[in-house]
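Structural features, examined
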Amino acid sequence: MTDCIFCKIVEGTLAADIIYEDDFCIAFKDLYPKAPVHVLVIPKKHIENLAALRAEDQPLMGHMLLKLTGIAESQGLEDGFRTITNTGPGGGQEVYHLHFHILGGNIKPA
Ligand code: DGP
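This text gives an overview of the structure that appears in the document. (Residues numbered from 1 in each chain as written. Predicted model: local features only at pLDDT ≥ 70, side-chain atom pairs only at ≥ 80, totals over all residues. Heavy atoms only, no water.)

**Brief notes about the nonpolar core**
Counting 16 residues, the largest nonpolar core has V39, V41, M64, I71 and I102 as its most contacted members. For this core, the elements supplying multiple residues, two or more each, are β2 (25-29), β3 (37-43), α2 (58-74) and β5 (100-104). Take this core: its biggest share by element is six residues, from α2. Once you skip the residues sitting within four places of it in the chain, M64 turns out to touch C25, V41, I42, P43 and F100. Counting residues in hydrophobic clusters, the runner-up holds nine residues, among them C4, F28, L40 and V95. (Core = buried A, V, L, I, M, F, W, Y, C linked by side-chain atoms within 4.5 Å. Buried < 20%, exposed > 50% of the residue type's maximum accessible area, 1.4 Å probe, protein only. Helix = DSSP H or I, 4+ residues; strand = E, 2+ residues; numbered from the N terminus. Contact = heavy atoms within 4.5 Å.)

Written out as structure tokens, the structure reads:
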């Protein structure tokens, strides 16, 4: 999608601090970190958010969820991390390309 900043990161036309990439997803540091470690994990396929998922996306979502722990551990979060995904205006979503936030370093119980 041409006007999606996360698609531009996937395409390589917008710079990002990429820490993991495979055929289906990519992880990079959040530009405005809310914790000592703040990483975003996104599918390469443009999907707006959880509400836009289709049945065909099930393998992709399974793939991404299984990658989160290794990505978090690669950033020093071996003792755990917080995962957030915001959906729609009611969820405070700002970028409409599905992403899982990985946060860690000084997380307080919710
Ligand atoms: P959300 O509110 O869940 O849609 O979070 C969007 C996140 O994306 C927010 O934490 C800031 C981050 N972000 C916005 N623009 C950029 C960008 O151009 N590069 C990077 N790396 N992160 C961005």
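**So, the sheet that holds β5**
Overall, antiparallel pairing links the five strands, which are arranged β1-β2-β3-β5-β4 in an open sheet. Of all strands in the sheet, those with a lone pairing partner are β1 (18-21) and β4 (82-84), marking the two edges. Neighbour-to-neighbour, the strand axes of this sheet turn through a mean angle of 20°, independent of strand direction. Across three bridges, β4 lies against β5 in antiparallel orientation. (Pairing = 2+ DSSP bridges. Axes fitted to C-alpha atoms, helices over the stretch in contact; angles between N-to-C directions.)

**What to know about the packing of aromatic side chains**
The geometry of an aromatic ring pair is captured by the separation of the ring centres together with the interplanar angle, meaning the angle of the planes. Summed over the entire model, instances satisfying the criterion amount to one aromatic pair. With a centroid separation of 5.3 Å and an interplanar angle of 75°, the aromatic rings of F6 and F28 are classed as edge-to-face. Note that F6 is positioned in helix α1 (residues 5-11) and F28 in strand β2, a separation of 22 residues in sequence. The class for F6 is buried, based on a relative accessible area of 6%. (Phe/Tyr/Trp six-rings, centres within 6.5 Å; stacked < 30°, edge-to-face > 60°.)

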